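Observations on the model geometry
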Amino acid sequence: MAFSEKTVKKYCDVLLWALKKARKGPCRKNEVIMIRYELPALRLAEALQASLLDAGMNPVLRVGMTPRMEKQFYVKANKRQLVFQPPGEKELYQKLNGGIYLHAPDSLTHLADVDSKKIGKAAVARKCLKDILDRREEIGKFSWTLCLFPTAELAKQAKLPMARYADQVIKACYLDRKDPVAAWEETYRNALEIKRWLNRMTIERLDVESDHMDLQITPGERRRWVGITGHNVPSFEIFLSPDWRGTKGMYFADQPSYRNGNYVESVKLIFEKGKVVKSDAAKGGSFLAKQVALDPGAARVGEFSLTDKRFSRIDRFMANTLFDENYGGNHGNCHLALGSSYSDTYAGDVSSLTKDRKKKLGFNDSALHWDLVNTEDKRVTAHLAGGRKAVIYEKGMFAL
């Protein structure tokens, strides 16, 4: 099934639904919405601009760098140029009400021979912009969503014919349905039951076990499970941001990962006292080590997630984190993110969270957020207050 104009219009409808669903307050006319896109997604960006204008909003369009532009930036930029922020950028971010990000890469490996420290330095310099949006989201003035538009490069790296790759995107996002928004609303309602079940438990610790993984996660105080909130299209995961200080044991990601133009495969992480003390990978180990050392929070956990295979329609490796972290397949998946946490997993008034309060509760802070996915058959056991145990996830499904 090709990305016809009708399919593109359905994609727009789903993305606008997601943007509104992700907002804590209502979306209103005259709001400022940024569309950040890569050139292969131009058709979708054009259609989104029209939809936002029809809705009475003010779209601001930003096109991403081509692979050649991005590589020459990191190769040629001096120390000052790496951290340069355009005049007015902070002011724009302080006025943004929404962000829609359209990923459509023409290359996944073009930065493989670029010094990852330079990439990291530029990312750290832009963290101040992320902090602005995070705070605006906490007080209900900003929401975001993101999606993927298929490209020949993605299909090549996923080892799928282009038509089959596009079909996976269409199927995963319910774009093959007559009313995809209604399908997402149904998935949202179904996930609510699982989230309510999890949030009724007082979980002191999670044991995550598979053939290559033996990990302990501490949810922490004042936490709640969230998911299918509109932030990602598609999204089938249910997750929380744990107290990073309680992470212990070994995590293994069997799903490959592309990040900053680098390919990493078979990641192993050993945690002690909440921090990565050893990292290894069959491929990309040097890049992994540099990412873990990006800043103090990069070696800590910012998110733990589980995907129920009954929800997800994704059954192929897609060479894209958005899809791979929502993989269903035979065993569902869990993923762990190194780096920044999500404050919306706080079980209280998120707008009241201060930086000091987050630190006290063990919410991690970092310029990094890297999702690493495990698709093995696994069991997740919750250790509950009072000494009881309960299996909450097994054979790729929540044990509700």
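All figures in this text were calculated on a predicted structure; none of them were measured in a lab. Residue numbers restart at each chain and count upward from 1, following the sequence in its written direction. Confidence filtering applies because this is a predicted model: local features only for residues at pLDDT of at least 70, side-chain atom pairs given and counted only at 80 or more, and all residues used for totals across whole chains, interfaces and linings. Calculation of side-chain values draws on the structure's entire complement of heavy atoms; hydrogens and water are dropped beforehand.

Looking only at helices and strands, the protein chain features 13 helices and 18 strands. Here the C-alpha radius of gyration of the protein chain, 20 Å, is about what a compact globule of 400 residues would show, namely 21 Å. Dimensions of the protein chain, computed from the C-alpha atoms along their principal axes, are close to 55 × 50 × 45 Å. Relative to its 400 residues, the protein chain shows a buried fraction of 55%. Whether two residues are in contact is decided by their heavy atoms: any pair within 4.5 Å suffices. A separation threshold of at least 6 residues defines the contact pool for the protein chain, and within that pool the share at least 24 residues apart is 77%. A total accessible area of about 17800 Å² is found for the protein chain, and carbon and sulfur atoms account for 49% of it. Numbering of helices and strands runs from the N terminus, with a helix taken as a DSSP run of H or I at least four residues long and a strand as a DSSP run of E at least two residues long. Atoms counted for the radius of gyration: C-alpha only. Globule rule: 2.2 Å times the number of residues to the power 0.38. Here's how the labels work: a residue is buried when its accessible area is under 20% of the maximum for its type, exposed when over 50%, partly exposed in between, all with a 1.4 Å probe on protein chains only. Only the protein chains shown count as cover for residues, and the accessible areas themselves come from Shrake-Rupley with a 1.4 Å probe.

What follows is about the packing of helix H1 (residues 5-22) against helix H10 (residues 180-199). Look at H1 against H10: their axes get within 9 Å of each other, and the N-to-C directions meet at 35°. As for how H1 packs across H10, the hand of that crossing is right-handed. Residues Lys 10, Asp 13, Val 14, Trp 17 and Lys 21 of H1 lie in contact with H10, whose contacting residues are Pro 180, Val 181, Trp 184, Glu 185 and Tyr 188. Residues are sorted three ways: Asp, Glu, Lys and Arg are charged, Ala, Val, Leu, Ile, Met, Phe, Trp, Tyr, Cys and Pro are nonpolar, and all the rest, Gly among them, are polar. Partitioning the contact of H1 with H10 into residue classes produces six nonpolar, no polar and four charged. Interaxial angles span 0 to 180 degrees and are taken between N-to-C directions of axes, which are lines fitted to C-alpha atoms, for helices over the stretch in contact. Here a crossing is called left-handed whenever its near helix is offset anticlockwise from the far helix by less than a right angle, and right-handed whenever the offset is clockwise.

On to the packing of aromatic side chains. Between the rings of Phe, Tyr and Trp (Trp by its six-membered ring), a pair exists once the centres lie within 6.5 Å; its type follows the angle of the planes, with under 30 degrees stacked, over 60 edge-to-face, and the other angles tilted. Evaluation of the coordinates by the stated rule reveals twelve aromatic pairs. A ring pair is formed by Phe 3 and Tyr 11, whose centres lie 5.9 Å apart and whose planes are at 40°; its orientation type is tilted. The same class applies to Phe 3 and to Tyr 11, which are both buried. Cation over ring: Lys 21 sits above Tyr 188, and NZ or CZ is 4.2 Å from the ring centre. Positioned over the ring face of Phe 363 is Arg 223, at 3.8 Å from the centre of the ring. Distance and angle both matter: a charge sits over a ring if NZ of Lys or CZ of Arg is within 6 Å of the ring centre and within 35 degrees of the ring normal.

Right, let's talk about the side chain of Arg 23 for a bit. On the secondary structure map, Arg 23 appears in the loop between H1 and strand S1 (32-37). The class for Arg 23 is buried, based on a relative accessible area of 7%. Reaching out from Arg 23, the side chain makes a polar contact with the side chain of Ser 143 at a distance of 3.2 Å. Each residue touching Arg 23, except ones within four places of it in the same chain, is listed here: Glu 31, Asn 97, Gly 98, Gly 140, Lys 141, Phe 142 and Ser 143. The definition of a polar contact used here is a pair of N or O atoms within 3.5 Å, where within protein one atom must be able to donate a hydrogen and the other to accept one, and adjacent residues in sequence count solely through side-chain atom pairs.

Here we come to the environment of Ala 50. Mapped onto the secondary structure, Ala 50 falls in helix H2 (residues 42-54). The class of Ala 50 is partly exposed, set by a relative accessible area of 36%. Spatially, the C-alpha atom of Ala 50 lies 9.6 Å from that of Cys 12, the residues being 38 residues apart in sequence.

Moving on, we come to the pairing of strand S17 (residues 389-394). DSSP-based pairing: two strands are paired if at least 2 bridges between them are found. In the sheet, strand S16 (residues 379-384) pairs with S17 via five bridges, with the strands oriented antiparallel. If you follow Arg 379 over to S17, its bridge partner there is Glu 394. Here S16 folds back onto S17, and the loop between the two strands holds four residues, one of which, Gly 386, carries a positive phi near 95°. Here S17 pairs with strand S18 (residues 397-398) via two bridges, running antiparallel. Bridge assignment links Tyr 393 to a residue of S18, and that residue is Phe 398. Two successive antiparallel strands, S17 and S18, enclose a turn made up of two residues, where Lys 395 displays a positive phi of approximately 55°.

Another aspect to go through is the sheet that holds strand S8 (residues 237-240). Pairing is antiparallel across the open sheet formed by five strands, whose spatial order is S7-S8-S13-S14-S15. At either end of the open sheet lies a strand with only one pairing partner, and these are strand S7 (226-227) and strand S15 (369-374). Packed onto the sheet, H10 meets S7 and S8 and runs at close to 30° relative to S8.

The nonpolar core is taken to be a set of buried Ala, Val, Leu, Ile, Met, Phe, Trp, Tyr and Cys residues, with the residues joined through side-chain atoms within 4.5 Å. Ranked by size, the top nonpolar core spans 108 residues in total, and within it Tyr 11, Leu 102, Tyr 251, Leu 269 and Ile 392 carry the most contacts. For this core, the leading source of residues is H1, giving nine residues. If near-sequence neighbours (up to four positions away) are discounted, Leu 102 is found in contact with Leu 15, Ile 35, Arg 36, Tyr 37, Glu 38, Ala 41, Leu 44, Ala 45, Leu 48 and Cys 147.

Strand order in the open sheet formed by four strands is S2-S1-S3-S4, with parallel pairing between adjacent strands. The open sheet terminates on both sides in strands that have one partner only, identified here as strand S2 (58-63) and strand S4 (143-148). Strand after strand, the sheet turns through a mean of 15° between neighbouring axes, direction not considered. Note that S1 and S2 share six bridges and pair parallel. Within the sheet, the bridge partner assigned to Arg 36 lies in S2 and is Arg 62. Sitting on the sheet, H1 is in contact with S1, strand S3 (98-103) and S4, with an inclination near 150° to S4. In the packing of H2 onto the sheet, the strands contacted are S1, S2, S3 and S4, and the crossing angle to S1 comes to about 170°.

Looking now at the pattern of salt bridges. We count a salt bridge whenever a side-chain nitrogen from Lys or Arg sits within 4 Å of a carboxyl oxygen from Asp or Glu. Under the defined criterion, the tally for this structure stands at 18 salt bridges. With a shortest N-O distance of 2.8 Å, Arg 245 and Asp 243 are connected by a salt bridge. The class for Arg 245 is partly exposed, based on a relative accessible area of 38%.

Let us now look at the pairing of S1. Counting buried positions along S1 gives five out of six residues, so the element sits mostly inside the fold. Looking down the strands as they point away from the viewer, one classifies a crossover as right-handed if the path from the first strand across the helix to the second runs clockwise. Assessed by its sense of winding, the connection that carries the chain from S1 through H2 to S2 is right-handed. Looking at chain direction, S1 and S3 are connected through five bridges and run parallel. Across the sheet, residue Met 34 finds its bridge partner in S3, namely Gly 99.

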